[in-house]
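Geometric and topological summary
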Amino acid sequence: MGVLVFLLRIALCGSEAQKQKYLPSLAKFKTVACWGLTEPDYGSDASALRATATKVEGGWVLEGQKRWIGNSTFADVLIIFARNTTTNQINGFIVKKNAPGLTATKIENKIGLRIVQNGDILLNKVFVPDEERLPSVNSFQDTNKFLAVSRVMVAWQPIGLCMGVYDMCHRYLKERKQFGAPLAAFQINQEKLVRMLGNVQAIVLIGWCLCKLYEAGKMTPGHASMGKSWITLRARETVALGRELLGGNGILSDFLVAKAFGDLEPIYTFEGTYDINALVTGREVTGIASFRPAASTQRSCL
Ligand SMILES: Cc1cc2nc3c(=O)[nH]c(=O)nc-3n(C[C@H](O)[C@H](O)[C@H](O)COP(=O)(O)OP(=O)(O)OC[C@H]3O[C@@H](n4cnc5c(N)ncnc54)[C@H](O)[C@@H]3O)c2cc1C
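Residues numbered from 1 in each chain as written. Predicted model: local features only at pLDDT ≥ 70, side-chain atom pairs only at ≥ 80, totals over all residues. Heavy atoms only, no water.

**A short note on the pairing of strand 1 (residues 33-36)**
Residues of strand 1 alternate between two faces, with Ala33 and Trp35 on one and Cys34 and Gly36 on the opposite face, all of them buried. Note: strand 1 against strand 4 (residues 77-84), four bridges, orientation parallel. Paired with tryptophan 35 across the two strands is isoleucine 79, which belongs to strand 4. (Buried < 20%, exposed > 50% of the residue type's maximum accessible area, 1.4 Å probe, protein only. Helix = DSSP H or I, 4+ residues; strand = E, 2+ residues; numbered from the N terminus. Pairing = 2+ DSSP bridges.)

Printed below as a string of structure tokens:
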């Protein structure tokens, strides 16, 4: 996922030279990449991020920390978002794996999406040449535009998980017997299975609609956020139902339903939590941003 999001960012906001340099190997998965926005103290409130980029001769010096960055422990290239100390705006930079001053440490003990390593990044006076600054990222609003598109990509992960879980539960209920009958013969189990199926149908349609809106150039950030938040909400219910339908086997990782159950939790939270994405759409439909307590200044959020 990090590689795809990186690819998207270079494609949408890289210079022609950056596109030629990075896109071919990224598209073939020969280059591993990641993107770093979140910081230890600024998750949902990403627009307040503290990492800095200071202009020096021939480039920029980056300083600060990032957290949760997928693939960062072994990525060949990292997109780092930092605050320009001259303009106070957010800019994006491409940092190379072995850049002096860059360290990434694996975050241990995740309960889901364990296939991806997430890392804590430390930027200690990391030099980035001028040609590795992303020319089209000049504010947090620019970053938000890309977040909307990557949210559409993220929204398809739970859709695939739910289809797999439904399929597995459907077979399991017909094969396993209790009280002399297949589990599928009990009304409560059928209701759960049908609720899962309804969710699957609905989230596929929402995902499809989002892609159609995007293709037509009509997708707004509110559409993308509602899609991501609502799909993950329904998906979370679906995998939880699947987990309970398998009884004890539902908590064993040997059965993939438990794995999907674990994986849904981080998906519900990353790329903007369910709540924050709901509020992004809420802002769009009401015209009122509710992220920040009323007394303080309003900023955009992740
Ligand atoms: C597995 C995983 C992979 C990730 N990958 C990346 C990555 O590759 N790159 C990257 O930059 N980031 C990544 N992230 C970070 C992710 O985007 C953040 O975790 C997410 O934005 C939430 O931030 P937080 O964890 O600091 O939670 P917090 O912001 O501390 O939120 C905690 C809780 O408070 C709620 N909350 C916060 N503010 C408000 C508000 N104003 N109104 C209502 N509720 C609110 C949230 O919804 C949440 O329930 C990843 C995270 C995870 C878990």
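**Examining the nonpolar core**
Judged by nonpolar contacts, the single largest core of 23 residues is most densely connected at Val165, Cys169, Leu193 and Met196. Elements that contribute at least two residues to this core include exactly helix 3 (140-175), helix 4 (187-215), helix 5 (221-245) and helix 6 (256-269). Discounting chain neighbours no more than four positions away, the residues touching valine 165 are Met196, Thr238, Val239, Gly242, Val257 and Ala260. If you look at the next biggest cluster of nonpolar residues, it comprises 19 residues, including Cys13, Leu26, Val77 and Phe81. (Core = buried A, V, L, I, M, F, W, Y, C linked by side-chain atoms within 4.5 Å. Contact = heavy atoms within 4.5 Å.)

**Structural notes on unusual backbone geometry**
One non-glycine residue, asparagine 71, adopts positive backbone phi at about 75°. Position of asparagine 71 among the secondary structure elements: in the loop between strand 3 (59-70) and strand 4. Using a relative accessible area of 10% as the deciding quantity, one classes asparagine 71 as buried.

**So, the site of the ligand**
For the ligand, the set of nearby residues contains 20 residues, the closest of which are Thr38, Ser44, Thr273, Asp275 and Phe291. Within the side chain of aspartate 275, one N or O atom sits 2.7 Å away from an oxygen atom of the ligand. Phenylalanine 291 is positioned such that a nitrogen or oxygen atom in its backbone is 2.6 Å from a nitrogen atom of the ligand. With the chains in place, 69% of the 980 Å² that the ligand exposes on its own is no longer accessible. Counting only elements with at least two residues in the shell around the ligand, the list comes to strand 1, strand 3, helix 6 and helix 7 (274-286). (Near = heavy atom within 4 Å. Polar contact = N/O pair within 3.5 Å; in protein donor to acceptor, adjacent residues only side chain to side chain. Areas by Shrake-Rupley, 256 points an atom, 1.4 Å probe, with all protein chains shown as cover.)

**With respect to the pattern of salt bridges**
If you walk through the whole model with that rule in mind, you get 19 salt bridges. A salt bridge links glutamate 237 to arginine 195; its shortest N-O distance comes to 3.0 Å. Placement of glutamate 237 in helix 5 and of arginine 195 in helix 4 is noted, with a sequence separation of 42 residues between them. A salt bridge links lysine 259 to aspartate 263; the nearest nitrogen and oxygen atoms lie 3.0 Å apart. You can see lysine 259 and its partner aspartate 263 sitting in helix 6, four residues apart, about one turn around the helix. Residue lysine 259 is classed as partly exposed on the basis of its relative accessible area, which comes to 46%. Residue class for aspartate 263 comes out buried when judged on its relative accessible area of 7%. Among the charged side chains, a network of salt bridges with common partners joins Glu191, Arg195, Arg234 and Glu237. (Salt bridge = Lys/Arg side-chain N within 4 Å of Asp/Glu carboxyl O.)

**A short note on the domain arrangement of the chain**
When cut into domains, the chain gives domain 1 (2-138) and domain 2 (141-286). Just the C-alpha atoms count here: the centres of domain 1 and domain 2 sit 29 Å apart. Of the residues lining the interface, 18 residues belong to domain 1; the matching set on domain 2 comes to 16 residues. Across the interface of domain 1 and domain 2, roughly 1,300 Å² is buried in total on both sides, 73% from carbon and sulfur atoms. Of all residues in domain 1, the largest losses of buried area upon contact with domain 2 belong to Leu8, Arg9 and Leu113, amounting jointly to 36% of the total for that side. Connecting domain 1 to domain 2 are zero salt bridges. With six residues, the top contributor of residues to the side of domain 1 that touches domain 2 is helix 1 (residues 2-13). (Domains from an automatic or database assignment. Buried area = accessible area lost by both parts, 1.4 Å probe.)

**Topic: the environment of leucine 183**
Following the sequence through the fold, leucine 183 ends up in the loop between strand 10 (181-182) and helix 4. Note: C-alpha distance between leucine 183 and glutamine 157 (26 residues apart in sequence) is 28 Å. Ignoring sequence-local partners within four residues, the contact set of leucine 183 consists of Tyr172, Leu173, Arg176, Lys177, Gln178, Asn189 and Leu245.

**Remarks on the packing of helix 3 against helix 5**
Across the interface, helix 3 lies against helix 5 with an axial gap of 9 Å and an inter-helix angle of 20°. It follows that helix 3 is roughly parallel to helix 5 by the angle criterion. For helix 3 against helix 5, the interelement crossing comes out left-handed. Contact residues: helix 3 offers Ala148, Arg151, Val152, Val154, Ala155, Pro158, Ile159, Cys162, Val165, Cys169, Tyr172 and Leu173, while helix 5 offers Pro221, Ala224, Ser225, Lys228, Ile231, Thr232, Ala235, Thr238, Val239, Gly242 and Leu245. Considering only residue class, the contact of helix 3 with helix 5 consists of 17 nonpolar, four polar and two charged. (Axes fitted to C-alpha atoms, helices over the stretch in contact; angles between N-to-C directions. Parallel < 35°, antiparallel > 145°, perpendicular 65-115°, else oblique. Left-handed = near helix turned anticlockwise from the far one by under 90°. Nonpolar A, V, L, I, M, F, W, Y, C, P; charged D, E, K, R; others polar.)

**Points about the layout of surface pockets**
A volume near 180 Å³ is recorded for the second largest pocket. With five residues, the top contributor of residues to the lining of the second largest pocket is helix 6. Here the lining of the second largest pocket is composed, by residue class, of six nonpolar, four polar and four charged. (1 Å grid on protein atoms, 1.4 Å probe; cavity = no way out; pocket = protein on both sides within 12 Å on 5 of 7 lines; lining within 4 Å. Points joined across faces, edges and corners; volume = space filled by probe spheres on them.)

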